[in-house]
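Here is what each chain is made of, one letter per residue.
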Amino acid sequence: MTNEDISKIKSFLFKSKNVVIVPHKGPDGDAIGSSLAIFHLLKNEGINTTVISPNEFPDFLKWMPGSEEILIYEKNESEADTIISTADVVFTLDFNHLSRTGIMEPVLKRATSTAKFILIDHHEQPDDYAHFMYSDVSICSTCQMVFQFFDKMDLAEKITPEMATCIYTGIMTDTGSFKYRSTTGETHHIIAQLIEKGADNTTIHENIYDTNSYERLQLLGRTLSNLKVINELNVAYTTLTQEELNQFNFKKGDTEGFVNYGLSLEGIIFAAIFIENESEGIVKISFRSKGDFSVNDFARNHFDGGGHINAAGGKSQLNMQQTLEKFISLLPQYQEELIK
């Protein structure tokens, strides 16, 4: 985002009457955190602002300041359409293509002709629907980019404890508690400033990671018992069927982080989890890797997905068994990358 872009945004943003903020479908901590941070800033400036999520977000994020004010599109479609149609500005956060908003895509496409769109995102190959784009794949999280956006806009001094909490949460969750390679010195410098501005790092960590239901722990146990290892290729994968999800009273967000258990095995550099979603007729897939093996490329090339070099997602229209057979059949193509 250039200085000219920042100047133009300054010229209209705080004169806007209605602003809409949209995260991606199935929003995670980074998507919700970045959305709520901008929501609080604009609300404090007296601007009518609405966060509209395509669908529900996980319960473990519902403690976040302002989360109770998020409008869920799939439950309030008519109201949300009206709000979007009257928006002066639309922020799209933590996604690179309008298709990532699912059922919201048509109304957002229409709104690009009536509202100014601002994209802030760190995923590869962003689409060109936005009027202003802040895209940088080297940055660990959209929340870090939001902090830097505030700084570029000379608004960092207006960050409140609520905003600091939201930004900290997004950075923490998207970096695996600051352990991924995308975490830089700049990231830690920003984290220090967020703590100084009122983010309670211990409480945030406890709210995200240390609150489990009995059913979620049972579901994790089943996930681990389903774990398979292909030692000769340094690959681990596991599965969860719809029947297993139902058995343990699955709620959105319950499988967050499960894929990382496979990656934690000694010698494994590529891990995947396959989760059956009967209502959508797909198998949802999360990929993780270590080193230079690009799960972003793997997901894009084979499973209609994408993301980052070491963390990506995808989906399959095949059933679980066929999806696994496809996955396993692809691995020999990557033998040199996986065993080097």
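Relevant structure appears above.
All of these numbers come straight from a predicted model, not from anything done at the bench. (Residues numbered from 1 in each chain as written. Predicted model: local features only at pLDDT ≥ 70, side-chain atom pairs only at ≥ 80, totals over all residues. Heavy atoms only, no water.)

**Describing the overall build of the protein**
Basically, it comes down to this: A helix here means a DSSP run of H or I that spans at least four residues, while a strand means a run of E at least two residues long, and both kinds are numbered starting from the N terminus. Here the radius of gyration uses the C-alpha set of atoms, whereas the globule reference equals 2.2 Å times the residue count to the power 0.38. Working rule for contacts: check all heavy atoms of both residues, and any pair within 4.5 Å makes them a contact. For the purpose of counting charges, residues Lys and Arg are taken to be positive, whereas Asp and Glu are taken to be negative. His and the chain ends are not included. Throughout, a charge is located at the NZ atom of Lys, the CZ atom of Arg, the CG atom of Asp or the CD atom of Glu.
Scanning the protein from terminus to terminus reveals 14 helices and 12 strands. The C-alpha atoms of the protein give 20 Å as radius of gyration, which agrees with the globular expectation for 340 residues (20 Å, within 12%). Intrachain contacts of the protein at a sequence separation of at least 6 include 67% that bridge at least 24 residues. Counting 29 positive and 47 negative side-chain charges, the protein places the centres of these two groups 3 Å from one another.

**Overview of the packing of aromatic side chains**
This is how it is decided: Only the six-membered ring of Trp is used, alongside the rings of Phe and Tyr, when aromatic pairs are assigned; centres must lie within 6.5 Å, and planes under 30 degrees apart are stacked while those over 60 apart are edge-to-face, with the rest tilted. A ring is scored as having a charge over it whenever the NZ atom of a lysine or the CZ atom of an arginine sits within 6 Å of its centre and within 35 degrees of its normal.
This structure, assessed with the given rule, holds 20 aromatic pairs. Considering the side-chain rings of Tyr 168 and Phe 178, the 5.8 Å spacing of their centres and the 80 degrees angle between planes classify their relative orientation as edge-to-face. Of this pair, Tyr 168 sits in helix α6 (residues 161–174) while Phe 178 sits in the loop between α6 and α7 (185–196), placing them 10 residues apart in sequence. The interplanar angle of 70 degrees and the centroid separation of 5.1 Å between the aromatic rings of Phe 270 and Phe 298 together place this pair among those described as edge-to-face. Note that Phe 270 is positioned in strand β9 (residues 270–277) and Phe 298 in helix α12 (residues 295–302), a separation of 28 residues in sequence. Feature note: the residues Tyr 237, Phe 270, Phe 274, Phe 287, Phe 293, Phe 298, Phe 303, Phe 327 and Tyr 334 constitute an aromatic cluster, connected by ring pairs. For Lys 62, the ring lying beneath its charged end belongs to Phe 57, and the centroid distance is 5.3 Å. One Lys or Arg, Lys 326, reaches over the ring of Phe 303 and ends 4.6 Å from the middle of that ring.

**Considering the pairing of strand β1 (residues 18–23)**
What counts here: Each residue is assigned to one of three classes by its accessible area relative to the maximum for its type, calculated with a 1.4 Å probe on protein chains only: buried under 20%, partly exposed between the two thresholds, exposed over 50%. For two strands to count as paired, DSSP must find a minimum of two bridges between them. Crossovers are marked right-handed if the path from the first strand over the helix to the second runs clockwise, as seen with the strands pointing away from the viewer.
Most of β1 is tucked away, with five of its six residues classed as buried. With four bridges joining them, β1 and strand β2 (residues 48–53) adopt parallel strand pairing. Counted as the bridge partner of Ile 21 is Val 51 from β2. You can see the chain leave β1, run along helix α2 (residues 29–44) and come back into β2, and the turn it takes is right-handed. In this structure, β1 lies alongside strand β4 (residues 89–93), joined through five bridges in parallel fashion. From the neighbouring strand, Pro 23 faces β4, where its bridge partner is Leu 93.

**Details of the side chain of Glu 105**
Its location among the elements puts Glu 105 in helix α4 (residues 105–111). Here Glu 105 falls in the buried class, since its relative accessible area comes to 18%. Glu 105 has contacts with His 97, Leu 98 and Ser 99, leaving out every residue within four places of it along the chain.

**Notes on the state of the cysteines**
What counts here: Two cysteine sulfurs form a disulfide in these notes if their separation is within 2.5 Å.
Per the stated rule, a full pass over the model turns up zero disulfides. Cysteine Cys 143 is unpaired, with the sulfur of Cys 166 as its nearest cysteine sulfur at 7.7 Å. The buried category is assigned to Cys 143, whose relative accessible area is 0%.

**Brief notes about empty space enclosed by the protein**
Heads up, the rule is: In this analysis the probe radius is 1.4 Å and the grid spacing 1 Å, with only protein atoms considered; a cavity is a set of points the probe fits into but cannot get out of, a pocket is an open set with protein on both sides within 12 Å along at least five of seven lines, and lining residues have an atom within 4 Å of a point. Grid points are joined across faces, edges and corners, and a volume is the space filled by probe spheres set on the points. Each residue gets one label: Ala, Val, Leu, Ile, Met, Phe, Trp, Tyr, Cys and Pro are nonpolar, Asp, Glu, Lys and Arg are charged, and the others, such as Gly, are polar.
The final tally for this structure, using the stated rule, is one cavity of 30 Å³ or more. Here the largest cavity is characterised by a volume of approximately 30 Å³. For the lining of the largest cavity, the secondary-structure elements that each account for two or more residues are α2 and α5 (142–152). Residue composition of the lining of the largest cavity, by class: eight nonpolar, no polar and no charged.

**Looking at unusual backbone geometry**
Negative phi values dominate among residues other than glycine, just as trans dominates among peptide bonds. The phi dihedral of Asp 154 is positive, around 60 degrees, even though this residue is not glycine. Within the secondary structure, Asp 154 sits in the loop between α5 and α6. A positive phi is found at Asp 304, a non-glycine position, where the angle reads about 50 degrees. With respect to the element layout, Asp 304 can be found in the loop between α12 and β11 (306–307). Looking at Asp 304, the relative accessible area reads 56%, which means it is exposed.

**Looking at the nonpolar core**
To keep it simple, the criterion reads: Take the buried Ala, Val, Leu, Ile, Met, Phe, Trp, Tyr and Cys residues and link them wherever side-chain atoms come within 4.5 Å; each set so joined is a nonpolar core.
In terms of nonpolar packing, the biggest core is built from 52 residues, with Leu 13, Ile 38, Phe 91, Ile 120, Phe 149, Phe 150 and Leu 194 touching the most fellow members. Core analysis: the next-biggest nonpolar cluster, separate from the first, contains 24 residues, Phe 293, Phe 298, Leu 330 and Leu 338 among them.

**Some remarks on the pairing of β2**
Buried residues dominate β2, accounting for five of its six residues. In terms of strand pairing, β2 meets strand β3 (residues 71–72) through two bridges, oriented parallel. Bridge pairing in β3 places Ser 53 opposite Ile 72.

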